[in-house]
Amino acid sequence: MADQLEVKSASELTKTFMVPAYGTAVTRGQLRTFNKLAVFAFDTYAEGQDSVFVYAAPMVRITEVAGAPILDAVNFSQGQRIYWDGVKVSNLMKGLCIGICLEANDLSGGVSVGDSLLIEFNQDSQPQVLGGTVLLDGANPVSVVTGLTTIFGATASILKNSSPGDDPVQVTVTFSGGNLEIFAWKTDGSDPTLIASTNNTETVSWVAIGY
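All of these numbers come straight from a predicted model, not from anything done at the bench.

Asker: Looking at this model, I keep getting lost on the nonpolar core. Mind explaining?
Answerer: It is characteristic of soluble globular proteins that their nonpolar side chains tend to be buried jointly. Counting residues in each nonpolar core, the largest one holds 21 residues, and the members touching the most others are Leu5, Leu31, Ile82, Val89, Ile98, Ile119 and Phe121. Contributing elements (two or more residues each) for this core: β4 (37-41), β5 (51-63), β7 (81-84), β9 (96-101) and β11 (116-121). Top element by residues in this core is β5. It accounts for four residues. Look past the residues within four positions of Leu31 in its chain and what remains in contact with it is Gln4, Leu5, Ala38, Val39, Phe40, Ile70, Trp84, Val89 and Phe121.

Asker: How do you make sense of the packing of aromatic side chains when you look at a structure like this?
Answerer: The description of two aromatic rings rests on the distance between their centres and on the angle between their planes. Tallied over the full model, the rule gives seven aromatic pairs. Taking 5.6 Å as the distance between ring centres and 40° as the angle between the ring planes, the aromatic pair formed by Phe17 and Phe34 counts as tilted. Remark: Phe34 occurs in strand β3 (residues 31-34) and Phe17 occurs in strand β2 (residues 15-19); sequence separation between them is 17 residues. Between Phe183 and Trp185, the ring centres sit 6.3 Å apart and the planes meet at 15°, which makes this aromatic pair stacked. Chaining the aromatic ring pairs together yields one cluster made of Phe17, Tyr22, Phe34, Phe53 and Tyr55.

Asker: Where do I start with the side chain of Ser9 in this structure?
Answerer: Mapped onto the elements of the fold, Ser9 is located in the loop between β1 (5-7) and β2. A polar atom in the side chain of Ser9 sits 3.2 Å from the backbone nitrogen of Met59. Other than its neighbours up to four places away in sequence, Ser9 contacts Ala57, Pro58 and Met59.

Asker: What am I meant to see in the pairing of β3 here?
Answerer: Regular strands place their side chains on alternate faces of the sheet. Two elements, β3 and β4, share four bridges in a ladder whose sense is antiparallel. For Phe34, the partnering residue across the bridge sits in β4 and is Leu37. As consecutive antiparallel partners, β3 and β4 are separated by two residues, and within that stretch Asn35 has a phi angle of approximately 50°, a positive value.

Conventions we followed
- Residues numbered from 1 in each chain as written.
- Predicted model: local features only at pLDDT ≥ 70, side-chain atom pairs only at ≥ 80, totals over all residues.
- Heavy atoms only, no water.
- Core = buried A, V, L, I, M, F, W, Y, C linked by side-chain atoms within 4.5 Å.
- Buried < 20%, exposed > 50% of the residue type's maximum accessible area, 1.4 Å probe, protein only.
- Helix = DSSP H or I, 4+ residues; strand = E, 2+ residues; numbered from the N terminus.
- Contact = heavy atoms within 4.5 Å.
- Phe/Tyr/Trp six-rings, centres within 6.5 Å; stacked < 30°, edge-to-face > 60°.
- Polar contact = N/O pair within 3.5 Å; in protein donor to acceptor, adjacent residues only side chain to side chain.
- Pairing = 2+ DSSP bridges.

As structure tokens, then:
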């Protein structure tokens, strides 16, 4: 039977560490979390035995094996970041980023035993959380260059310790690539429908998550 994860690149490029007297039995190639790091067993080890785990390798094949489903039913593309949520390996942005997809494989129609995916097993590129403040400029939106290349989540709020007035009363965000667009909104004091603000004195706090 194939291993769940198997190194396919040169052995001297594989990065491992040993855990003395690891607390549970583990099967060769089995994906585990150790100290918030995704690793897989270099061999099969009994409970309490010194165990060697792989934490990086240039080429690793992930294979769907009987009784141990691991690949998510999604369309994998070359160059995508690959994630593991503790159960499934996917291209959905949830859990730990475990590397980069090295081949395309459309599994969106369902995953069968023997289906596989070749990845670079590398966890150096975990998502970053960046934040800062920006002064509204009256143009609406105000643009923010975050320093990220790709944003997959962001939020913003008015930076003050008192109740917002009518202008602005709320801010919203959109993002593209590594840039945020922050929109400010106001009321006229009576109509509850929000309209674009032209305020240029309020400060907005923002947070973005991505790469």
